[in-house]
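The residues making up each chain are set out below.
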Amino acid sequence: SFTSFNDEKARVKLEISDATVLYPPLGFQVYKCLKSTNVGSSSDIVDNIDIENLLEQVRKETAPSDSEFVDIIPDAYYLDEDRSRPYSEAPIGSRARRVSINAQVHTLPRRIVKNYKDVFKNTNINITKRIVTPFALCALAIQQELVSGQYIIVDMSNGYTSISLCHSKYPVFSTHFL
């Protein structure tokens, strides 16, 4: 079965119900998005609901007709439109009238996303997180302190090769060939 794994010799028994999908970067596009919302509480304290509202605004952005959103990567948060003081994490508990997000939006062709969704649906595995491979590789390279600044990641996978231009910890452009 695809949802269970048992290796008595290694003393490993897994029941798989959830998965993170690492999509290949075939048709991968990166878009920048800046959205703002009023803080909902009367005390002007940023709460989780305010951040969810921002992310929902980003999700409502119009993706190209043949594409689907895969992931939203926050670059920075701002309070009261003050761009001189970015927050790397959601400023929960901070005082402000407005909160903004500057984010990267990752998209893939709808047919690729659908194919992966169908496979997981047919195996009764819930997709909990969706990531495009160049982003995962950038994050790993940064975490392992292998790179800094601008760099290129070349991923030679089974059947295709992708080349991603990265800036800091994010891919900004990716192409592939078969």
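Placed above this text is the structure.
Throughout, residues of each chain are indexed from 1 in the direction in which the sequence is written. Local features are withheld for residues below a pLDDT of 70 in this predicted model, meaning they are given only at 70 or higher, and side-chain atom pairs are given and counted only at 80 or more; totals for whole chains, interfaces and linings count all residues. Side-chain measures here rest on the full set of heavy atoms in the structure, leaving out hydrogens and waters.

Enquirer: Would you take a moment to explain the overall build of the chain for this structure?
Expert: What the chain contains, in helices and strands, is 3 helices and 10 strands. Taken from the N to the C terminus, the helices and strands of the chain come in the order β-β-β-β-α-β-β-α-β-α-β-β-β. Along the first, second and third principal axes, the C-alpha set of the chain runs to 55 × 35 × 35 Å. Only protein chains enter the area calculation, which uses a 1.4 Å probe; residues under 20% of their type maximum are buried, those over 50% are exposed, and those in between are partly exposed. Going through the 178 residues of the chain one by one, you find that 38% of them count as buried. Any pair of residues with heavy atoms lying within 4.5 Å of one another is described as a contacting pair. When contacts within the chain are restricted to residue pairs at least 6 apart in sequence, those whose partners lie at least 24 apart make up 64%. Each helix is a run of DSSP H or I of at least 4 residues and each strand a run of E of at least 2, with the numbering of both proceeding from the N terminus.

Enquirer: Help me understand the pairing of strand β9 (residues 160–167), please; the structure alone is not making it clear to me.
Expert: Criterion used throughout: strands pair if DSSP finds at least two bridges between them. For strand β8 (residues 150–157) and β9, the ladder comprises 8 bridges, and the chain directions are antiparallel. Bridging from a neighbouring strand, S157 pairs with Y160 of β9. Counted between consecutive antiparallel strands, the loop separating β8 from β9 contains 2 residues, among which G159 sits at a positive phi close to 100 degrees. Where β9 lies against strand β10 (residues 170–177), 7 bridges are found, and the strand directions are antiparallel.

Enquirer: For this particular structure, what's the right way to read the pairing of strand β6 (residues 98–109)?
Expert: The two faces of the sheet receive side chains in turn, since in a regular strand these alternate between them. Counting buried positions along β6 gives 11 out of 12 residues, so the element sits mostly inside the fold. Bridge count between strand β4 (residues 29–38) and β6: 10 bridges; the pairing is antiparallel. Bridging from a neighbouring strand, K32 pairs with Q104 of β6. Where strand β5 (residues 67–79) meets β6, 11 bridges bridge the pair, whose relative direction is antiparallel. The residue of β6 that forms the bridge with I73 is Q104.

Enquirer: Whenever I open this one, the side chain of S164 confuses me. Can you help?
Expert: The topology assignment puts S164 in strand β9. Here a polar contact is taken to be a pair of N or O atoms separated by no more than 3.5 Å, where protein atoms must pair a possible hydrogen donor with a possible acceptor and residues adjacent in sequence count only if both atoms sit in side chains. Here S174 takes part through its side chain, which lies 3.0 Å from a polar atom of the side chain of S164.

Enquirer: Explain the packing of aromatic side chains here, please?
Expert: Here a ring pair, both rings aromatic, is described through the centre-centre distance and the interplanar angle of the planes. For Phe, Tyr and Trp, rings pair up if their centres lie within 6.5 Å, where Trp contributes its six-membered ring, and each pair is then called stacked (planes under 30 degrees apart), edge-to-face (over 60) or tilted (otherwise). Evaluation of the coordinates by the stated rule reveals 2 aromatic pairs. With 5.1 Å between their ring centres and 70 degrees between their planes, Y23 and Y116 make a pair best called edge-to-face. With a gap of 93 residues between them, Y23 in strand β3 (residues 18–23) and Y116 in helix α2 (residues 110–122) connect regions that are remote in the sequence. The buried category is assigned to Y23, whose relative accessible area is 0%.

Enquirer: Looking at this structure, I do not really get the pattern of salt bridges. What am I missing?
Expert: It is possible for side chains of opposite charge to pair when their charged atoms get near one another. Every case where a carboxyl oxygen of Asp or Glu lies within 4 Å of a side-chain nitrogen of Lys or Arg is listed as a salt bridge. Scanning the model with the defined rule gives 9 salt bridges in all. A salt bridge links D75 to K32; the shortest N-O distance between them is 2.5 Å. Here D75, found in strand β5, pairs with K32, found in strand β4; they are 43 residues apart in sequence, far enough to count as distant. For K32, a relative accessible area of 59% gives the class exposed. A salt bridge links E56 to R59, with the nearest nitrogen and oxygen atoms 3.3 Å apart. With E56 and R59 both in helix α1 (residues 48–59), this residue pair falls 3 residues apart, about one helical turn. Classification of E56 by relative accessible area gives partly exposed; the value is 36%. A relative accessible area of 39% places R59 in the partly exposed class. Connected through shared salt-bridge partners, E68, R110, K117 and R130 make up one network.

Enquirer: Sorry if this is basic, but what is going on with unusual backbone geometry here?
Expert: Residues other than glycine predominantly adopt negative phi, and peptide bonds predominantly adopt the trans conformation. A positive phi is found at D80, a non-glycine position, where the angle reads about 50 degrees. Positionally, D80 belongs in the loop between β5 and β6.

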